[in-house]
Amino acid sequence: MKSNILVTGATGTIGSFVCEQLKNINADFTALVRSEEKAAPLNQKGIKTVIGDFSDTASLENALSGMDKIFLLSVTSPESPKLQGNLVRIAKDKGVKHIVKVSALGTSLDSKFGIGRYHAMTEKDIRDSGIAYTFLQPHSFMQNLIFESATIKEQSAIYAPMGDGKIGMVDVRDIAAVAVKALTEEGHEGETYILTGPEAISYYDIASALSATLGKEVKYIPVSSEVAHQGMLDSGMPEWLADDLTGLNQVFAAGKAGDISPDMENVTGRKPHSIKDFVNDFAYMFN
Ligand SMILES: NC(=O)c1ccc[n+]([C@@H]2O[C@H](COP(=O)([O-])OP(=O)(O)OC[C@H]3O[C@@H](n4cnc5c(N)ncnc54)[C@H](OP(=O)(O)O)[C@@H]3O)[C@@H](O)[C@H]2O)c1
């Protein structure tokens, strides 16, 4: 039976792949977007849209009417438990049957990181609502490397505070693939999937993969936590987020984030993308 699926976060990194992959299998879905301007490029691809914002409950009432399933994703912030809570409450009223939520690896109500606590609060709201759920808890995204493309292009260098720590980074296309399975197949209710790549990689491995694909030597230059933290603040990042990311990066640098999960392969029947796959497919971003 076909379901009506509402895809939130549809203009973002993961959500755009969720839309693309749902469209490829002719699933019936609608993308929630915040403005007509954001709707236009999706509509041009033949994707249905509805205007809405997590902070505007009337817009959520409208968007959730007639929906069976939700792909739930937004930016994470101290406000996100309240904003995503709006959607969960209205989903319950509207009779939504299943929510597939993107959280993060290590999410827990007593996490020392705000990001971990905010996701856990929404997971609790969803559990308490009684709506069937699937939680996706991804590791750090390979696509975050695209933020480093300027120094890779201009200096053939990648700067990061990761020491030689090995990290189970995941390609967001694989997160989207698991989301699409959970949204369109039976049997994923009540599951929490931990999503990593196929192997733990260091920034030295990333630099090697970039060098091999780009045909020039790209060097990884480790920087201190303090320098990276100041860089985040200088770029305008809120202090709580710069603190959280610095703490998480310290965990990565200490080699405590290298565990690999079989969940993506178990759900989709194929191996996750490797760093070589990612760099090959996104080489145009680094050239
Ligand atoms: N980056 C990582 O390494 C990593 C690792 C693990 C987990 N995560 C989690 O992944 C999520 C981010 O995924 P992503 O990178 O795909 O997100 P993203 O690219 O930052 O996109 C965020 C999406 O949320 C939408 N949005 C933001 N505020 C909204 C609101 N008030 N109402 C409706 N929509 C709103 C945005 O719409 P607009 O286009 O209108 O702004 C956009 O579509 C976060 O929850 C994060 O904690 C990230």
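Here the structure is a predicted model, which is why all the values come from computation and not from measurement.

### Side note on the overall build of the protein chain
Now for step 1: Secondary structure summary: the protein chain contains 13 helices and nine strands in total.
Now for step 2: Projected onto its principal axes, the C-alpha coordinates of the protein chain cover approximately 55 × 40 × 35 Å.
Now for step 3: Restricting the contact set of the protein chain to residue pairs at least 6 apart, pairs at least 24 apart contribute 74%.
Now for step 4: Between the averaged position of the 27 positive side-chain charges in the protein chain and that of its 36 negative side-chain charges there is a distance of 3 Å.

### A short note on the pattern of salt bridges
Now for step 1: Within the structure shown, the criterion is met by 11 salt bridges.
Now for step 2: D171 is the partner of R173 in a salt bridge, and the nearest nitrogen-oxygen pair spans 2.7 Å.
Now for step 3: Using a relative accessible area of 13% as the deciding quantity, one classes R173 as buried.
Now for step 4: A salt bridge links R270 to D174, with the nearest nitrogen and oxygen atoms 3.0 Å apart. Taken together, the residues R270 in the loop between α11 (263-268) and α12 (275-281) and D174 in helix α7 (residues 172-184) connect sequence positions 96 residues apart.

### Side note on the domain arrangement of the protein chain
Now for step 1: Assigned domains within the protein chain: domain 1 (5-138) and domain 2 (140-169 + 196-258 + 272-287).
Now for step 2: The gap between the C-alpha centroids of domain 1 and domain 2 is 27 Å.
Now for step 3: Contacts between the two partners involve 11 residues from domain 1, matched on the other side by 11 residues from domain 2.
Now for step 4: Scanning the region where domain 1 abuts domain 2 turns up zero salt bridges.

### Let's talk about the sheet that holds strand β3 (residues 48-51)
Now for step 1: Spatially, the seven strands line up as an open sheet ordered β3-β2-β1-β4-β5-β6-β8, and their pairing is parallel. Edge positions in the sheet fall to β3 and β8 (191-195), since each of these pairs with one other strand and no more. Strand-to-strand, the axes of this sheet are offset by a mean angle of 20 degrees, without reference to chain direction.
Now for step 2: Pairing geometry for strand β1 (residues 5-7) and strand β4 (residues 69-72), over three bridges, is parallel. Opposite V7, over in β4, you have F71 as the bridge partner.
Now for step 3: Here helix α4 (residues 80-94) sits on the sheet and contacts β4 and β5 (98-102); the angle it forms with β4, its principal contact strand, is near 175 degrees.

### Regarding the nonpolar core
Now for step 1: If you look at the biggest cluster of nonpolar residues, it comprises 59 residues, and the most contacted ones within it are V18, F71 and Y203.
Now for step 2: Among all residues touching F71, those that are not within four sequence positions of it are L6, V7, T8, I14, G15, V18, V100, V102, A179 and L183.
Now for step 3: With 20 residues, the next largest nonpolar core counts F54, L72, V88 and Y133 among its residues.

### Quick word on the environment of P272
Now for step 1: Within the fold, P272 resides in the loop between α11 and α12.
Now for step 2: Of the residues examined, P272 reaches a relative accessible area of 9% and is grouped as buried.
Now for step 3: Contacts of P272, omitting those with residues within four sequence positions, involve D174, T196, G197, P198, M264 and D277.

### Digging into unusual backbone geometry
Now for step 1: In this structure, N26 takes a positive phi of about 60 degrees despite not being glycine.
Now for step 2: Structurally, N26 is set in the loop between α1 (13-24) and β2 (29-33).
Now for step 3: Overall, the relative accessible area of 57% leaves N26 in the exposed class.
Now for step 4: Here S156, not a glycine, exhibits a phi torsion of approximately 50 degrees, which is positive.
Now for step 5: Turning to its location among the elements, S156 is positioned in the loop between α6 (149-155) and β7 (157-160).

### Some details on the site of the ligand
Now for step 1: Taken together, 23 residues lie near the ligand, and T11, R34, T76, H119 and N144 sit nearest.
Now for step 2: In the model, a nitrogen atom of the ligand is placed 2.9 Å from a nitrogen or oxygen of the D53 side chain.
Now for step 3: Here a nitrogen atom of the ligand sits 3.0 Å away from a polar atom, N or O, in the main chain of F54.
Now for step 4: Protein burial of the ligand: of its 930 Å² of free accessible surface, 80% is covered by the chains.
Now for step 5: Here the shell around the ligand is built from residues that sort into nine nonpolar, 11 polar and three charged.
Now for step 6: Two domains share the shell around the ligand, each providing at least three of its residues, namely domain 1 (5-138) and domain 2 (140-169 + 196-258 + 272-287).

### Some thoughts on the packing of α4 against helix α5 (residues 114-129)
Now for step 1: Running from amino to carboxyl end, α4 crosses α5 at an angle of 15 degrees, the nearest separation of the two axes being 9 Å. Accordingly, the angle class assigned to the pair α4 and α5 is roughly parallel. Helix-helix and strand crossings are classified by hand; for α4 and α5 the assignment is right-handed. The residues of α5 that touch α4, namely those facing S80, P81, Q84, G85, V88 and K92, are Y118, M121, T122, D125, I126 and S129.

What counts and what doesn't
- All residue numbers here refer to positions counted from 1 along the written sequence of the relevant chain.
- Given that this is a predicted model, residues contribute local features only at a pLDDT of at least 70 and side-chain atom pairs are listed and counted only at 80 or more, while totals for whole chains, interfaces and linings are drawn from all residues.
- To get the side-chain values, all heavy atoms of the structure are used, and hydrogens and water are removed first.
- In this text, helices come from DSSP runs of H or I with a minimum length of four residues, and strands from runs of E with a minimum of two, each type numbered from the N-terminal end.
- Residue contacts are defined here by distance: any two heavy atoms, one from each residue, within 4.5 Å place the two residues in contact.
- Within this scheme the basic residues Lys and Arg register as positive and the acidic residues Asp and Glu register as negative, but His and the chain ends are omitted.
- To locate a charge, take NZ of a lysine, CZ of an arginine, CG of an aspartate or CD of a glutamate.
- One speaks of a salt bridge when a side-chain nitrogen belonging to Lys or Arg is within 4 Å of a carboxyl oxygen belonging to Asp or Glu.
- Exposure is judged per residue with a 1.4 Å probe applied to protein chains only, and the accessible area is read against the type maximum: over 50% gives exposed, under 20% gives buried, and values in between give partly exposed.
- In this entry, domain limits derive from an automatic or database-based domain assignment.
- At least two bridges found by DSSP between two strands are what make those strands a pair.
- For helices, the axis comes from a line fit to the C-alpha atoms of the stretch in contact; other axes are also lines fit to C-alpha atoms, and the angle between any two N-to-C directions lies between 0 and 180 degrees.
- Put simply, buried Ala, Val, Leu, Ile, Met, Phe, Trp, Tyr and Cys residues joined by side-chain atoms within 4.5 Å make one nonpolar core.
- For this purpose, a residue is taken to be near a molecule or strand whenever a single non-hydrogen atom of the residue falls within 4 Å of it.
- Contacts described as polar in this section are N or O atom pairs within 3.5 Å, which, within protein, must combine one atom able to donate a hydrogen with one able to accept it, while residues neighboring in sequence count only if both atoms come from side chains.
- Note on areas: these come from Shrake-Rupley sampling with a 1.4 Å probe, and a residue is covered only by the protein chains present in the view.
- Classification used: nonpolar for Ala, Val, Leu, Ile, Met, Phe, Trp, Tyr, Cys and Pro, charged for Asp, Glu, Lys and Arg, polar for all others including Gly.
- Here is the rule for angles: anything less than 35 degrees is roughly parallel, anything more than 145 is roughly antiparallel, 65 through 115 is roughly perpendicular, and the remaining ranges are oblique.
- Two helices cross in a left-handed way if the nearer one is turned anticlockwise from the farther one by less than a right angle. They cross in a right-handed way if the turn is clockwise.

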